[in-house]
Amino acid sequence: MGESERDQSSATKPDSYEAAVERLEEIIDRLDSGQAGLRETLDLCKEGKELVTYCAGELDEVGEGLKELRLDDLATKLDTASEVG
Amino acid sequence: MEESRIAPPGRVAPDLPGPFPVGTYARKLQGWMRERARVQLIGEVTGVGRSKVQAYFELRDGEGAVPCAIWLNDLEKAGLEGAHLRDGAEVVISGGLDYYPGGGQASPNFCFRATHVRLAGEGDLIARLEALRKQMRAEGLFELQKQLHRPALPRAIGVVTAERGAARRDLLAGLERRGWGGSLIWGFAPVQDRHAAPAIGRALQDLAARPEVEAIVVTRGGGSLADLWAFCDETLCRTVAMLRVPVISAVGHERDSTLIDDVAAVACSTPTHAAEAAVPLDCLAARESLERCALALRRAGEGAIGTRSRHLGALARGPARALQRERSKLNQKIREIRAASERGLADRAASQRRIGTLVLERARRRAAGADMEKRRDALHRAAVALRAHEPERTLERGYALVEGDGGEPLTSAAEAGAAERISLRFSDGRIRARPEQRDEA
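Residues numbered from 1 in each chain as written. Chains lettered and ligands numbered in written order. Predicted model: local features only at pLDDT ≥ 70, side-chain atom pairs only at ≥ 80, totals over all residues.

Right, let's talk about the overall build of chain B for a bit. In terms of regular secondary structure, chain B is built from 13 helices and 13 strands. The buried share of chain B, reckoned over its 441 residues, is 26%. (Helix = DSSP H or I, 4+ residues; strand = E, 2+ residues; numbered from the N terminus. Buried ≥ 20, exposed ≤ 12 C-beta atoms within 10 Å, placed from the backbone.)

Dropping the structure here:
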């Protein structure tokens, strides 16, 4: 992996939680293989930590307690907002 | 072309037969309709009304409707009371087309004249469901939803269900067990009557139109196929198939199979199962897994540095260790050399001693040689001198030696005279003799 590619991959936000977990598993597998050199290991750890942070953030988004809304209420609010607007 | 068909003012389509009196035409129409084949129809009853002699209703499904009428006595013969012929009932009717031409005051009326009616049985509904299923599968409508991406961790889920029902409670419990705490948008709708399918369809479309909704669950509890028939509604199922948000159906119990199950992205047997399908990720397990990943990453990073720093440390200590090793080797060599040297000195001393001995021996021998020469000369001279004194030399000069019988020299006349026998020894031999007389000197 080239230097610019590596920078780009670690800086890019994952498309989804699944994509992040999939990449995280790849990283762990690569690290477990023991074949990564020092530079690659440190880069992978950095990228992995960013992915863990992203995934933790996603889990936090749905971890604050279930919020129940009614479609009717949302539609009413929308109508009210459009009338005010 | 179109303009040429427009009749000129005052004349209506002059190329057509007629004009006929409308009453005549109406009666002929009645006759023609009554000659049409008699058939059976199945559908949902709506708009039931009654007169003194007959009952009116529409028989309807997702594709269309037909106005129907049945004489009350035929209705009684069928064993159906008024309560059975009600809105929402699925019925099978048999009969044929009919037309009432009306009269001077009465309005004409077209209807399907039912002569027999019965509530649709499970078999009728299954047959109808299979026909719909076959048609929609052939159109590829079952695959559209299944091709949609279902996020593992949706932030908002829409739910279409009855406001008061066990399905709602079970779905909530399932989501909470999953550890999911996102937004749940309820789209409440009736789930069992002729209004159900259109209301469910509208709720689904409204939920799908909301950008935050990433999956929609449609659920209701169990019942007969007739009870669940709204979820086999063709219009509703076509709507579901065309939605761009994945729909998860959980209608009825495990053995129930409705058409919405076929078109949905996922069909579940229970609301609890639907909760798991709507949130594929077990959030509680995912948190634990994420913690393990974080730990693995930390260990990998620290391990990589630690291993290499230990290796570097070992490399850094290498020269000193090598020096120590070489020093030890050198000391050993020194000890060996010293020991060898000591052994060499001893050997050399012994060797030198041997050499000295040899030298001395040789010197001694050399010294001894010179002495012998002198001695030999002296001996020679002594021998010469001795030989000069040897009796043989005297004998050679003409003397003779007198010896006794035993060879002892007899040096006096007395001794010779006393001996009985004597021997006279000359240089060239000896002779024996007997003294006869002794002469006095």
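Each helix and strand in chain A was counted, giving 4 helices and 1 strand. Along the chain direction, N to C, the helices and strands of chain A fall in the order α-α-α-β-α. Out of the 85 residues belonging to chain A, those deemed buried represent 21%.

All right, on to the sheet that holds strand β6 (residues 156-161) of chain B then. Two pairing modes exist for strands in a sheet, parallel and antiparallel, and in both the strands are linked by backbone hydrogen bonds. If you trace the 6 strands from one edge of the open sheet to the other, you get β1(A)-β7(B)-β6(B)-β8(B)-β9(B)-β10(B), paired in parallel fashion. Here the strands that pair on one side only, and so sit at the sheet edges, are β1 (67-70) of chain A together with β10 (266-267) of chain B. In this sheet, strand β9 (residues 247-251) of chain B lies alongside strand β8 (residues 213-220) of chain B in parallel orientation, the contact comprising 5 bridges. Its bridge partner being in β9(B), B:Val218 is matched across the sheet by B:Ser249. (Pairing = 2+ DSSP bridges.)

Turning our eyes to something else, we now look at the interface of chain A and chain B. If you look at the interface, chain A gives 30 residues, while chain B gives 30 residues. Here the element with the most residues in the side of chain A that touches chain B is helix α3 (residues 38-61) of chain A; it accounts for 12 residues. Split into classes, the residues belonging to the side of chain A that touches chain B amount to 17 nonpolar, 5 polar and 8 charged. Pairing analysis gives 4 bridges linking β1(A) to strand β7 (residues 183-188) of chain B, with the strands arranged parallel. (Contact = placed C-beta atoms within 7 Å. Nonpolar A, V, L, I, M, F, W, Y, C, P; charged D, E, K, R; others polar.)

Confidence in the prediction for chain B averages 85 pLDDT; 93% of positions are at 70 or higher. Here the prediction assigns the complex a pTM of 0.58, and the interface score ipTM is 0.74. (pLDDT = per-residue confidence, 0-100.)

In this section: helix α2 (residues 17-33) of chain A. Residues and elements named next belong to chain A. Between its terminal C-alpha atoms α2 stretches 24 Å, which fits the 24 Å expected from 17 residues at 1.5 Å a residue. Looking at α2, one finds that the buried residues are Tyr17, Ala20, Val21, Leu24, Ile27 and Leu31. For α2, the buried positions fall inside an angular range of 120° around the axis, keeping them on one side. Exposed residues pointing more than 90 degrees away from the buried face of α2 are listed as Asp29 and Ser33. Among the residues trailing α2, Gly34 stands out with phi positive, at a value near 75°. (Expected span 1.5 Å × (residues − 1). Arc of directions from axis to C-beta.)

With that settled, consider the sheet that holds strand β2 (residues 54-60) of chain B. All names here are of chain B. In spatial order, the strands read β1-β2-β3-β5-β4; together these 5 strands close into a barrel with mixed pairing. Ignoring which end each strand starts from, the neighbouring axes of this sheet average 55° apart. The sheet contact formed by strand β1 (residues 39-50) and β2 spans 5 bridges and is antiparallel. Counterpart to Glu44 in the pairing with β2 is Arg60. (Axes fitted to C-alpha atoms, helices over the stretch in contact; angles between N-to-C directions.)

Residue and element names in this part refer to chain B. Here His84 shows up in the loop between α3 (72-77) and β4 (90-100). By C-beta crowding, His84 is classed as partly exposed, having 15 other C-beta atoms within 10 Å. It is 7.8 Å that separates the C-alpha atoms of His84 and Leu119, two residues lying 35 residues apart in sequence. With residues near it in sequence (within four places) discarded, His84 still touches Ala89 and Leu119.

Geometrically, the link from B:Gly18 to B:Pro19 is a cis peptide bond, its omega value of 5° lying close to zero. Looking at the secondary structure, you find B:Pro19 in the loop between α1 (2-5) and α2 (22-34).

Next up on the list: the nonpolar core. Residue and element names in this part refer to chain B. Ranked by internal contacts, the top residues of the largest apolar core, which has 75 residues, are Leu204, Ile216 and Ile248. Formed jointly, this core draws a minimum of three residues from each of two domains, domain 2 (129-281) and domain 3 (284-387). With residues near it in sequence (within four places) discarded, Ile248 still touches Ala215, Val217, Ala264, Ala265, Val266, Cys268, Ala274, Ala277 and Ala278. Formed by 18 residues, the second largest nonpolar core is a distinct cluster that contains Leu59, Ala69, Leu75 and Val117. (Core = buried A, V, L, I, M, F, W, Y, C linked by C-beta atoms within 7 Å. Domains from an automatic or database assignment.)

All names here are of chain A. Packing of α2 against α3 leaves a shortest axis separation of 9 Å and a crossing angle of 150°. Between α2 and α3, the interaxial angle falls into the category roughly antiparallel. For α2 against α3, the interelement crossing comes out left-handed. Of the residues in α3, those touching α2 at Tyr17, Ala20, Val21, Arg23, Leu24, Ile27, Arg30 and Leu31 are Thr41, Leu44, Glu47, Gly48, Leu51, Val52, Tyr54, Cys55 and Glu58. A breakdown of the residues in the contact of α2 with α3 according to their chemical character gives 11 nonpolar, 2 polar and 4 charged. (Parallel < 35°, antiparallel > 145°, perpendicular 65-115°, else oblique. Left-handed = near helix turned anticlockwise from the far one by under 90°.)

A word on the packing of helix α7 (residues 196-209) of chain B against helix α8 (residues 234-242) of chain B. Residue and element names in this part refer to chain B. In the contact formed by α7 and α8, the axes pass within 9 Å of each other and the chain directions differ by 15°. Considering their axes alone, α7 and α8 lie roughly parallel with respect to each other. The interaxial crossing formed by α7 with α8 has left-handed handedness. Every residue of α8 that contacts α7 at Ala197, Ile200, Gly201, Leu204 and Gln205 is listed here: Thr235, Leu236, Thr239 and Val240. Looking at the contact of α7 with α8 residue by residue, the class counts come to 5 nonpolar, 4 polar and no charged.

Here we come to the environment of B:Ala226. Residues and elements named next belong to chain B. For Ala226, the position within the fold is in the loop between β8 and α8. A sequence separation of 137 residues divides Ala226 from Ala89, and the C-alpha atoms of the two residues are 8.4 Å apart. Setting aside residues no more than four positions away along its own chain, Ala226 makes contact with Glu90, Ala120 and Leu125.

The subject of this paragraph is the pairing of strand β12 (residues 422-426) of chain B. Residues and elements named next belong to chain B. The pairing of strand β11 (residues 401-403) with β12 spans 3 bridges and is classified as antiparallel. Note that in β12 the partner of Leu401 across the bridge is Arg425. Of the strand pairs in this sheet, β12 and strand β13 (residues 429-433) are connected by 5 bridges, and their pairing is antiparallel. For Leu424, the partnering residue across the bridge sits in β13 and is Ile431. A loop of 2 residues connects β12 with β13, the two strands running antiparallel in sequence.

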